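Chain by chain, the residues:
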Amino acid sequence: PFVPAELLTYDPAEVVDDPTVELVVEVAGGVEPTYSYIKRALEAGKSVVTANKALLAARGNELIELAEARGAERPPLQICIQVNVSGEASKSGVSPGETAALAQAVAALPNLKLRGLMAIPEPTDDMPLARQRFAMLRELRDSLNKAGMALDTLSMGMSHDLEAAILEGATIVRVGTAIFGERT
């Protein structure tokens, strides 16, 4: 099942300025352009999902203040924590060992709802290794749930490794390459 073309865009302004869109998912981008779009989306009352570690480090407090200013009539922002399950220096995300502490901190923030975990591990053709990395994320989520959290989201897997991700419990997979082809 493919996502209808009218629901996909590479132009964030289309999503941010569309009054029929309630949820904005930020996938990638530089700190300042991404901050600008997310700020506009929050000011327009939309929920936003981002795992841009550079953005959150540089401007996270401002985004939290905007989220808090949404008011009680708006639903809480839904958050996934990105975990660096393959230990790559070039990848964003917290280490598996830092996940529980960050999850507790995020869960305590007003107007935010921690929904789950996400990962974008190093690409590999080794199916057992891919499954091992995705299993690590699932096990982290399960551990957090045993500690009293109610996480229902595992965002993991892309076009090249979605089978391994699904076998390990992914609830969201990113399949842009399978839909649009390789980036040029």
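Preceding this paragraph is the structure being described.
Residues numbered from 1 in each chain as written. Predicted model: local features only at pLDDT ≥ 70, side-chain atom pairs only at ≥ 80, totals over all residues. Heavy atoms only, no water.

## Thoughts on the nonpolar core
For soluble globular proteins, the rule of thumb is that nonpolar side chains tend to be buried together. I81, V83, L114, L117, L137 and M156 are the most contacted members of the largest nonpolar core, which has 28 residues in total. Breaking this core down by element, the ones donating at least two residues are α2 (31-43), α3 (53-68), β3 (77-82), α4 (99-107), β4 (112-119), α5 (127-146), β5 (153-158) and α6 (162-167). If you tally residues by element for this core, the top one is α5, at five residues. With near-sequence residues (within four places) excluded, L117 lies in contact with C80, I81, V83, T99, L137, L140, R141, L144, T153, L154 and S155. (Core = buried A, V, L, I, M, F, W, Y, C linked by side-chain atoms within 4.5 Å. Buried < 20%, exposed > 50% of the residue type's maximum accessible area, 1.4 Å probe, protein only. Helix = DSSP H or I, 4+ residues; strand = E, 2+ residues; numbered from the N terminus. Contact = heavy atoms within 4.5 Å.)

## Here we look at the pattern of salt bridges
Under the defined criterion, the tally for this structure stands at six salt bridges. We note a salt bridge from R133 to E122, for which the minimum N-O separation is 3.8 Å. Linking R133 in helix α5 with E122 in the loop between β4 and α5, this pair joins segments that are eleven residues apart in sequence. Given the relative accessible area of 36%, E122 is considered partly exposed. Between E168 and R138 there is a salt bridge whose closest N-O contact spans 2.7 Å. Taken together, the positions of E168 in the loop between α6 and β6 (172-174) and R138 in helix α5 put the pair 30 residues apart, joining distant regions of the chain. Residue classification places E168 among the buried positions, given a relative accessible area of 8%. Given the relative accessible area of 23%, R138 is considered partly exposed. It is possible to trace a salt-bridge network through shared partners that takes in R131, R138, R141, D142 and E168. (Salt bridge = Lys/Arg side-chain N within 4 Å of Asp/Glu carboxyl O.)

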